[in-house]
Amino acid sequence: MTGSDPRRTVTDLMKRLEEAEDTIRAIRNGEVDAFVMQGAEQERVFAVESADGPYRLLVERMQQGAATLSSDGAVLYCNQRFSELLNTSPEDLFGKGFDSFVQPADRLLWEALRCRGEEHGSSQGEITLETPEGVLVPVYTTLGSFGKEIAGLSLMLTDLTQHKKLETVLASEALSLSILEQAADAILVCDAEGKIVRASRAAQALCEGNPMLQPFDDHFALVIEGAPARGKTASRDRFSVDPILRGETIRGLEVCLLRESGQLSLLLGGAPLNTGAGTVGCVVTLTDISDRKKVEQALRDGDRRKDEFLAVLGHELRNALGPIRNAAQLQKLAGGDEETMSHARSMTERQVGHMTRLIDDLSDVTRIARGKILLHPEPIELCELVRSIVEDYRPVLETTGLAVTVETPAQPMETVGDKTRLTQVVGNVLQNAAKFTDRGGRVLVRVALEAEGSASITVRDSGIGMDADALARVFDYFSQSDRSVDRSRGGLGLGMALARGLVELHGGEMAAASEGPGRGSEFVIRLPLVDQPELELERPPEETRSKLKRILIIEDNVDMAESLRMLFDLSGYPVTCACTGQEGVDLAREFRPDVVLCDIGLPGGMDGYAVAAALRLSPRTQSAVLIALSGYAQDEDRRRALASGFDLYVRKPVEFEELERVLASLPGQAEERGA
């Protein structure tokens with residue numbers, strides 16, 4: 001191009017392009033034969049190639065496809081890369097509309113790009129081409145116009161095929177990374193040598209900061225669940241990823257992760273990473289199941305304790321029933337021997353009292369667990385209460401050969417609580433001391449003032465003591481310290497659990513301590529104190545007995561009904577019995593009782609609730625005092641009985657002295673009715 005005029009060259013090129021465009025238009029109109037065009041006219045069109053040889057050489061060697069289009073989009077010239085993208089020879093492309101290679105879905109976009117290029121001199125955009133074989137080729141287009149004098153466009157195509165593939169790979173990689181980072185389970189990716197090349201956040205948390213890119217077996221000290229701990233033999237149980245790298249898939253394998261901060265239980269899964277070239281690594285997932293394992297162990301322990309409890313309960317009940325049966329036999333064979341009869345009665349009373357305590361403990365534990373136990377708080381002087389309790393239990397303790405010492409401060413200490421329940425708490429601890437301290441031992445009971453307005457009651461014995469395991473479970477329900485066959489120290493394992501539950505209901509706390517087996521035990525009860533003047537408590541009325549109260553007993557247990565009838569009869573009460581609900585209602589109309597003792601669970605389709613409703617509807621019995629007798633001890637049972645018309649609710653077994661106190665506190669209703 002040396003010495004040539006550039007302006008003249010450009011003008012000549014544009015003129016030749018205009019002539020080529022006229023020829024192409026004539027071909028499309030059928031005025032000129034295409035074959036002739038490929039001869040003479042093609043020579044004129046491609047004369048542009050000779051206008052500037054060096055520039056043409058540069059265009060031919062470009063990695064982008066380049067072409068010149070006429071004003072209506074026909075290809076006038078293209079380089080080799082352009083024809084390669086469309087998989088069509090330059091000769092076949094000459095004079096062919098470029099839009100025929102645009103994927104149908106992108107043709108509107110192409111038209112918009114072309115119009116913009118013509119109007120504004122340039123435009124860019126991304127479209128997809130389709131070769132004659134149907135292969136889709138994504139390209140980035142750059143269009144430029146020749147100017148206003150000569151219509152036409154220059155077109156450059158950049159192949160986006162590899163770019164699109166890379167975008168897909170990157171998108172897939174981003175998704176994988178997102179899953180890896182957000183996964184709750186630990187995910188590890190290892191290479192073919194078992195080295196960790198990628199780890200999720202959860203996995204790094206398990207690592208506790210250990211570096212990545214370490215061999216799996218060194219980085220994670222995993223052993224198969226149940227295998228010997230570190231430092232012992234059986235290294236064959238140490239987990240390795242080698243089987244996974246050899247193509248094995250693992251699911252649901254329980255392993256232990258040994259860490260400096262402690263051991264974790266994990267659920268492991270693993271699968272190889274395969275490509276066409278074979279296994280390139282593996283993926284391992286680890287799910288922390290430590291909490292689940294703890295729950296499972298707790299359930300197993302609870303189930304074991306339940307079985308032990310049922311066995312102990314059966315043992316204790318049979319132990320009590322045996323003497324009762326023997327006492328009944330003695331009374332049959334006594335032949336009027338008063339000493340034998342008295343001994344049999346005492347034996348029966350002791351064993352019935354023992355069974356009653358067992359059943360009461362079970363009922364109390366259930367109510368505490370459900371949060372339904374009721375307290376009757378009143379001002380209580382602790383020192384006086386403790387001294388009274390110890391005196392009540394002193395015969396029991398001294399009978400077993402124990403020396404009892406009580407230490408209380410001179411100043412009074414007042415709390416507010418349920419006197420009966422607090423007596424039960426201290427009594428349970430004293431019974432525990434008597435049970436687990438051998439003859440000749442000592443029991444110390446001390447009351448002391450604590451800081452922050454609280455007092456402590458300490459019961460220390462010189463008994464068999466507790467090891468760490470027993471101490472950790474001493475307040476658990478059904479916890480048994482005596483596991484011997486003869487169970488000489490007995491019990492249901494409820495006393496301490498019940499005591500702590502009652503103390504906590506009073507806003508206090510209870511703790512246990514022991515220096516080990518054979519070194520005694522210590523239980524400390526802490527209760528809040530109140531700083532207030534002593535309240536004047538309402539005194540119960542004097543117990544007076546009115547023998548005019550007529551009593552009806554409705555009870556399907558014949559022995560129960562008859563024994564109560566005999567006791568009331570001997571005490572001077574007019575009394576009669578019925579065995580079914582309907583019989584009791586019918587008898588009540590004639591007998592007109594002042595007091596009705598009615599069992600809840602009655603046969604014949606009319607239970608105690610129905611009896612109460614019927615008696616309340618009858619004018620002859622609606623003012624009678626109705627007392628429910630039931631073996632059910634839940635608060636809900638009591639509420640239901642009172643709602644159905646009963647005045648009082650008494651749990652079985654019934655103490656006759658309790659019934660006498662109830663009757664003595666009632667007004668003389670019989671006199672009021674003139675019966």
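Provided above is the structure to which this section pertains.
Conventions adopted
- Residues numbered from 1 in each chain as written.
- Predicted model: local features only at pLDDT ≥ 70, side-chain atom pairs only at ≥ 80, totals over all residues.
- Heavy atoms only, no water.
- Pairing = 2+ DSSP bridges.
- Helix = DSSP H or I, 4+ residues; strand = E, 2+ residues; numbered from the N terminus.
- Axes fitted to C-alpha atoms, helices over the stretch in contact; angles between N-to-C directions.
- Contact = heavy atoms within 4.5 Å.
- Salt bridge = Lys/Arg side-chain N within 4 Å of Asp/Glu carboxyl O.
- Buried < 20%, exposed > 50% of the residue type's maximum accessible area, 1.4 Å probe, protein only.
- Patch = residues over 30% accessible without salt bridge, like charges linked within 9 Å, V, L, I, M, F, W, Y side chains within 5 Å.
- Areas by Shrake-Rupley, 256 points an atom, 1.4 Å probe, with all protein chains shown as cover.
- Lys, Arg positive; Asp, Glu negative; His and termini not counted.
- Charge placed at Lys NZ, Arg CZ, Asp CG, Glu CD.

Chemist: I keep staring at the sheet that holds strand β15 (residues 442-450) and nothing clicks. Help me out?
Modeler: Read from one edge of the open sheet, 5 strands run β13-β15-β16-β18-β17, paired in mixed fashion. The open sheet terminates on both sides in strands that have one partner only, identified here as β13 (403-407) and β17 (509-513). Averaged over neighbouring strand pairs, the angle between their axes works out to 15° when direction is ignored. Those strands touched by helix α13 (residues 382-399) are β13, β15, β16 (454-461) and β18 (521-528), and its axis lies near 175° from that of β13. Contacts from helix α16 (residues 495-505) reach β17 and β18 within the one sheet, and its direction differs from that of β17 by about 145°.

Chemist: Just checking my understanding: could you explain the pattern of salt bridges for this structure?
Modeler: Working definition: two side chains of opposite charge can pair if their charged atoms are close together. The final tally for this structure, using the stated rule, is 19 salt bridges. The partner of Glu391 in a salt bridge is Arg394, and the shortest N-O contact between them spans 2.9 Å. Here Glu391 and its partner Arg394 are both found in helix α13, 3 residues apart, which amounts to about one turn of the helix. Among the residues examined, Glu391 registers a relative accessible area of 45% and is labelled partly exposed. Asp469 serves as the salt-bridge partner of Arg473, at 3.2 Å between the closest nitrogen and oxygen. A residue is classified by how much of its surface remains accessible, and Arg473, at 15% relative accessible area, is buried. Sharing partners across several salt bridges, the network here consists of Glu254, Arg292, Lys293 and Glu296.

Chemist: Mind showing me how you'd approach a negative patch on the surface here?
Modeler: Residues Glu349, Glu655, Glu657 and Glu658 make up a contiguous surface patch of negative charge. Relative to the assigned elements, Glu658 resides in helix α21 (residues 656-665).

Chemist: Would you mind showing me how to read the sheet that holds strand β5 (residues 153-159) here?
Modeler: Two modes of strand pairing occur in sheets, parallel and antiparallel, and in both the strands are linked by backbone hydrogen bonds. Strand order in the open sheet formed by 5 strands is β2-β1-β5-β4-β3, and the pairing between neighbours is antiparallel. Lying at the two open borders of the sheet, with one neighbouring strand each, are β2 (75-78) and β3 (122-130). Across the sheet, the axes of successive neighbouring strands diverge by a mean angle of 25°, strand direction being ignored. Across 3 bridges, strand β1 (residues 65-69) lies against β2 in antiparallel orientation. The residue bridging Thr68 from the neighbouring strand is Tyr77, located in β2.

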